[in-house]
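# Chains, contacts and geometry: an overview
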Amino acid sequence: MTNNLQRLVIEPTQQRDREIFLTTSQQHYLGRVLRLKEGDRFIAMDGKGQWLLACLDATLTQARVIEVVAVETELPVAVTLVVALPKGNGFDQVVTQATELGVSCFVPVISDRTLLKPSPRKLERWQRLAQEAAEQSERQVVPTILEPVDFRHYLVGLNATNTENTQQYICVARNRAAMHLQTALNATRSPSIAIATGPEGGWTAEEVEMAIAAGFQSVSLGQRILRAVTAPIVALSLAAAALEG
Ligand code: SAM
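Structure report, in brief. (Residues numbered from 1 in each chain as written. Predicted model: local features only at pLDDT ≥ 70, side-chain atom pairs only at ≥ 80, totals over all residues. Heavy atoms only, no water.)

### Notes on the overall build of the chain
Going by this rule: Think of it this way: any DSSP run of H or I at least four residues long counts as a helix, any run of E at least two long counts as a strand, and we number them from the N terminus. Residues count as neighbours in contact if any of their non-hydrogen atoms are within 4.5 Å of one another. The protein chains shown are the only cover counted for residues, whose accessible areas, like all others here, come from Shrake-Rupley with a 1.4 Å probe.
For the chain, the helix and strand inventory stands at 7 helices and 14 strands. Within the chain, counting contacts between residues at least 6 apart in sequence, those at least 24 apart form 74% of the total. Here the chain displays about 12600 Å² of accessible surface, and carbon together with sulfur accounts for 49% of that area.

Okay, structure coming up:
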């Protein structure tokens, strides 16, 4: 039984053959916080889809891989969230909750009405939150978080790449979209989905036009106005329900 075992994400450099070399903070967490001893087991997640059942050695600095654990906890389709950065630490909440719900990739964007100018240290913090949430929610994969990018530059970049296999949606409030996201998701199925949500002040009309020109479909999340931190979570919940339901 692996249900009660601690999960830890490891970097590829921490594994050689069947040996896992624990970082100082992992040694501290397993040995001092959880009080695991020689021979105790945990799950090492390589962050790319594989779980390894591992057993601590006598020094508590290394572990030996016992076997690969069969697991399937990912959504059947990769979902990217393109999120206009909310003010304050709002994106922390989005990262944690969307990771639990199964997001594959975050694209934090700076839109015309984005109030936050993220510091370079933020990306590191978001990656740590995603890793912790992936461990907690028993994900196979730790979602990727891209560097914050200007929304218009992101759209221009998309025009230059092949996105025909991606269903792209931009969420717009106040009945400005013809279709509910749920209806749109039920109508088609493609190998990947991207959903964009705006900042506190909403997208500008020009941004929505540019997104539609880049292949996005505008969609509604219902009759109420959701906060900038709530909208991505609602959108992802709808996508997960449509994909897994
Ligand atoms: N003041 C903005 C307006 O009037 O449009 C509302 C912005 S809302 C707080 C932040 C973002 O969440 C929006 O840009 C949109 O992407 C998303 N959102 C919130 N409620 C929504 C809804 N009912 N349908 C679609 N998107 C919604």
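Now that the structure has been shown, we can carry on.
### Considerations on a nonpolar patch on the surface
Definition in use: A patch consists of residues whose relative accessible area exceeds 30% and which take part in no salt bridge; residues with like charges are grouped when within 9 Å of each other, and nonpolar side chains (Val, Leu, Ile, Met, Phe, Trp, Tyr) when within 5 Å. The rule for a salt bridge is simple: a side-chain nitrogen of Lys or Arg has to be within 4 Å of a carboxyl oxygen of Asp or Glu.
Residues Tyr 29, Val 33 and Leu 34 make up a contiguous nonpolar surface patch of roughly 220 Å² in combined accessible area. When you line up the elements, Leu 34 lands in the loop between helix H1 (24-33) and strand E4 (41-45).

### Quick notes on the site of the ligand
Cut-off, in case you're wondering: Any residue with a heavy atom lying within 4 Å of a molecule or strand is counted as near it. Throughout this description, a polar contact denotes any pair of N or O atoms lying within 3.5 Å of each other; where both atoms belong to protein, one of them has to be capable of donating a hydrogen while the other can accept it, and for residues adjacent in sequence the pair is counted only when both atoms sit in side chains. The nonpolar class holds Ala, Val, Leu, Ile, Met, Phe, Trp, Tyr, Cys and Pro. Asp, Glu, Lys and Arg form the charged class, and all remaining residues, Gly among them, are polar.
The full set close to the ligand counts 21 residues, and Cys 171, Arg 174, Gly 198, Leu 221 and Arg 224 are the nearest of them. One of the backbone nitrogen or oxygen atoms of Leu 221 is found 2.8 Å away from a nitrogen atom of the ligand. Against a free-state accessible area of 570 Å², the protein chains account for coverage of 90% of the ligand. The residue makeup of the shell around the ligand, split by class, is 11 nonpolar, 6 polar and 4 charged.

### Quick word on the nonpolar core
Counted only if it meets this: Only buried Ala, Val, Leu, Ile, Met, Phe, Trp, Tyr and Cys residues count toward a nonpolar core, and they belong to the same one when joined by side-chain atoms within 4.5 Å. For the exposure calls, accessible area comes from a 1.4 Å probe over protein chains only, and a residue counts as buried if that area is under 20% of its type's maximum, exposed if over 50%, partly exposed in between.
Of all hydrophobic cores here, the largest spans 46 residues; its most connected members are Phe 106, Leu 181 and Ile 195. Sequence-distant contacts of Leu 181, that is, excluding residues within four places in its chain, are made with Tyr 169, Ile 195, Val 219, Ser 220, Leu 221, Ala 235 and Leu 238.

### Description of the pattern of salt bridges
Within this structure, the stated rule accounts for 7 salt bridges. Note that Glu 74 is salt-bridged to Arg 139, the shortest N-O span being 2.8 Å. Of this pair, Glu 74 sits in the loop between strand E6 (62-69) and strand E7 (78-84) while Arg 139 sits in the loop between helix H3 (121-136) and strand E9 (144-145); the two residues are 65 residues apart in sequence, bridging distant segments of the chain. In this structure, Glu 206 and Arg 152 form a salt bridge, with 3.3 Å as the shortest nitrogen-oxygen distance. Pair noted here: Glu 206 is in helix H6 (residues 205-213) and Arg 152 is in helix H4 (residues 151-160), with a separation of 54 residues, a long-range link. Classification of Arg 152 as partly exposed rests on a relative accessible area of 22%. Through salt bridges with shared partners, a single ionic network connects Asp 112, Arg 152 and Glu 206.

### So, the side chain of Thr 197
Counting through the fold element by element, Thr 197 comes out in strand E13 (residues 192-197). Contact partners of Thr 197, with chain neighbours within four places excluded, come to Val 82, Val 83, Ala 84, Cys 171, Trp 203, Ala 231 and Pro 232.

### Comments concerning the sheet that holds strand E1 (residues 7-9)
For the record, the criterion: Strands pair, by our definition, only if DSSP identifies at least two bridges between them. Axes, fitted as lines to C-alpha atoms, cover a helix only where it is in contact. Angles between the N-to-C directions of the axes lie from 0 to 180 degrees.
Within the open sheet, the 6 strands sit side by side as E1-E4-E5-E6-E3-E2. Their pairing is mixed. Here the strands that pair on one side only, and so sit at the sheet edges, are E1 and strand E2 (15-16). Strand direction decides the pairing type here: E2 and strand E3 (residues 19-21), joined by 2 bridges, are antiparallel. Paired with Arg 16 across the strands is Glu 19, a residue of E3. Strands E1, E4 and strand E5 (51-56) of the sheet are contacted by H1, whose axis makes an angle of about 175° with E1. The strands touched by H3 within the sheet are E1 and E4, with E1 carrying the most contacts at an inclination of about 150°.

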